[in-house]
Amino acid sequence: MKSGALPRPQAILFDWDNTLVDTWVVIHHAYKATFRAMGQEPWTLAETRERVRESARDAFPKLFGARAEEAMKVFYAAYEADHLEMLTPLPGAEAMLRALSARPELFLGLVSNKKGTILRMEAEKLGWAALFGSMVGANDAVQDKPARAAVELALAPSKLISGPEVWFVGDTDIDMACATATGCTAILLRPDPPGRTEFAGCEPNHYINGCDALIDLFQAS
């Protein structure tokens with residue numbers, strides 16, 4: 001964990017899956033269907049949780065080689081079949097977002113490796129779309145998270161540039177890597193604290209175990 005006081009943010013960028021909403025079950029279902037269609041052994045749910053980080057655009061060529069495009073079609077068909085019915089906001093997420101979005105000096109955005117059209121569909125379904133100044137998903141920028149391009153696109157409506165006064169809030173190593181690469185303040189939000197060597201080279205600036213704690217952290221900054 002990095003040390004030092006946190007700067008007061010001008011913007012907070014959030015990851016989506018399993019930072020604000022619990023989507024592991026539907027993600028795992030879609031991966032399982034894809035592996036089976038490609039003639040491969042499906043991952044367990046634990047393996048899915050451990051391994052899914054990159055966008056399909058970045059991950060599928062490594063997983064499925066020349067059949068990556070075919071695999072993507074299977075994956076998205078399986079995912080979109082029931083994802084809206086299975087959306088589960090994480091405890092305190094909506095109250096936190098509404099409290100933060102009420103601060104006129106603070107810009108909120110999403111930076112996800114979920115396909116951008118699906119990301120925005122899910123935010124609309126929950127009634128959260130108006131809480132964000134931008135919603136950037138996979139394939140929206142020229143490169144996906146952890147690339148700088150995704151963060152720059154998310155910040156574009158605010159006219160802000162990435163730096164310590166932009167907090168990047170997420171639950172995985174790719175979120176912390178994105179924050180580190182763009183100079184943002186990295187906030188790890190998840191029930192489990194970081195392992196001693198889990199984030200080598202991209203340590204979070206701060207760890208919180210729930211959405212309510214982010215409001216407290218903002219008010220204390």
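Residues numbered from 1 in each chain as written. Predicted model: local features only at pLDDT ≥ 70, side-chain atom pairs only at ≥ 80, totals over all residues. Heavy atoms only, no water.

Asker: Lay out the overall build of the protein with the relevant residues and their values.
Answerer: Helix and strand counts for the protein stand at nine helices and eight strands. Relative to its length of 221 residues, the protein is compact, with a C-alpha radius of gyration of 17 Å against a globular reference of 17 Å. A burial count over the protein gives 51% of its 221 residues as buried. Across the protein, contacts joining residues at least 24 apart in sequence account for 65% of those joining residues at least 6 apart. (Helix = DSSP H or I, 4+ residues; strand = E, 2+ residues; numbered from the N terminus. Rg over C-alpha atoms; globule rule 2.2 N^0.38 Å. Buried < 20%, exposed > 50% of the residue type's maximum accessible area, 1.4 Å probe, protein only. Contact = heavy atoms within 4.5 Å.)

Asker: Account for the sheet that holds strand 8 (residues 206–208), naming residues and giving values.
Answerer: Spatial ordering of the open sheet is given by 5-4-1-6-7-8, a layout of six strands whose pairing is parallel. Each edge of the sheet is formed by a strand with only one pairing partner; in this case those strands are strand 5 (134–138) and strand 8. Each strand axis lies, on average, 20° off the axis of its neighbour in the sheet, ignoring direction. Pairing geometry for strand 1 (residues 11–14) and strand 6 (residues 166–170), over four bridges, is parallel. Within the sheet, the bridge partner assigned to Ile-12 lies in strand 6 and is Trp-167. Strands in contact with helix 6 (residues 116–126) are strand 4 (107–115) and strand 5; relative to strand 4, the strand with the most contacts, it is inclined by about 125°. Strands strand 4, strand 6 and strand 7 (185–189) of the sheet are contacted by helix 8 (residues 173–182), whose axis makes an angle of about 165° with strand 6. (Pairing = 2+ DSSP bridges. Axes fitted to C-alpha atoms, helices over the stretch in contact; angles between N-to-C directions.)

Asker: Can you explain the packing of helix 3 (residues 56–64) against helix 4 (residues 68–80)? Please cite residues and give values.
Answerer: Where helix 3 contacts helix 4, the axes come no closer than 9 Å and their chain directions differ by 120°. Viewed along their axes, helix 3 and helix 4 adopt a mutual orientation that is oblique. Here the hand of the crossing between helix 3 and helix 4 comes out right-handed. Along its contact with helix 3, which presents Ala-56, Arg-57, Phe-60, Pro-61 and Phe-64, the element helix 4 presents Ala-68, Ala-71, Met-72, Phe-75 and Tyr-76. Of the residues contributing to the contact of helix 3 with helix 4, the split by class is nine nonpolar, no polar and one charged. (Parallel < 35°, antiparallel > 145°, perpendicular 65-115°, else oblique. Left-handed = near helix turned anticlockwise from the far one by under 90°. Nonpolar A, V, L, I, M, F, W, Y, C, P; charged D, E, K, R; others polar.)

Asker: Quick rundown of the side chain of Asp-15? Include the residues and the values.
Answerer: Looking at where Asp-15 falls in the secondary structure, it is placed in the loop between strand 1 and strand 2 (21–22). Once you skip the residues sitting within four places of it in the chain, Asp-15 turns out to touch Leu-20, Leu-110, Val-111, Ser-112, Lys-145, Val-169, Gly-170, Asp-171 and Asp-175.

Asker: Describe the state of the cysteines, listing the residues and the values that go with them.
Answerer: All told, the structure shown has zero disulfides when counted by the stated rule. Among the cysteines around Cys-184, which has no disulfide bond, Cys-178 carries the closest sulfur, lying 7.0 Å off. For Cys-184, a relative accessible area of 6% translates into the label buried. (Disulfide = S-S within 2.5 Å.)

Asker: Please provide a residue-by-residue account of the packing of helix 1 (residues 24–37) against helix 3, values included.
Answerer: Packing of helix 1 against helix 3 leaves a shortest axis separation of 12 Å and a crossing angle of 35°. Note on packing geometry: the crossing formed by helix 1 with helix 3 is right-handed. Residues Tyr-31, Thr-34 and Phe-35 of helix 1 touch helix 3, and the partners they reach there are Phe-60, Leu-63 and Phe-64. Of the residues assigned to the contact of helix 1 with helix 3, the class counts are five nonpolar, one polar and no charged.

Asker: I'd love a proper account of the side chain of Thr-172, names of residues and values included.
Answerer: Summarising the element assignment, Thr-172 is placed in the loop between strand 6 and helix 8. Residue Thr-172 is classed as buried on the basis of its relative accessible area of 9%. A polar contact of 3.1 Å, which involves the side chain of Thr-172, links it to the side chain of Asp-175. Not counting residues up to four positions away in its chain, the partners in contact with Thr-172 are Arg-53, Leu-188 and Phe-199. (Polar contact = N/O pair within 3.5 Å; in protein donor to acceptor, adjacent residues only side chain to side chain.)

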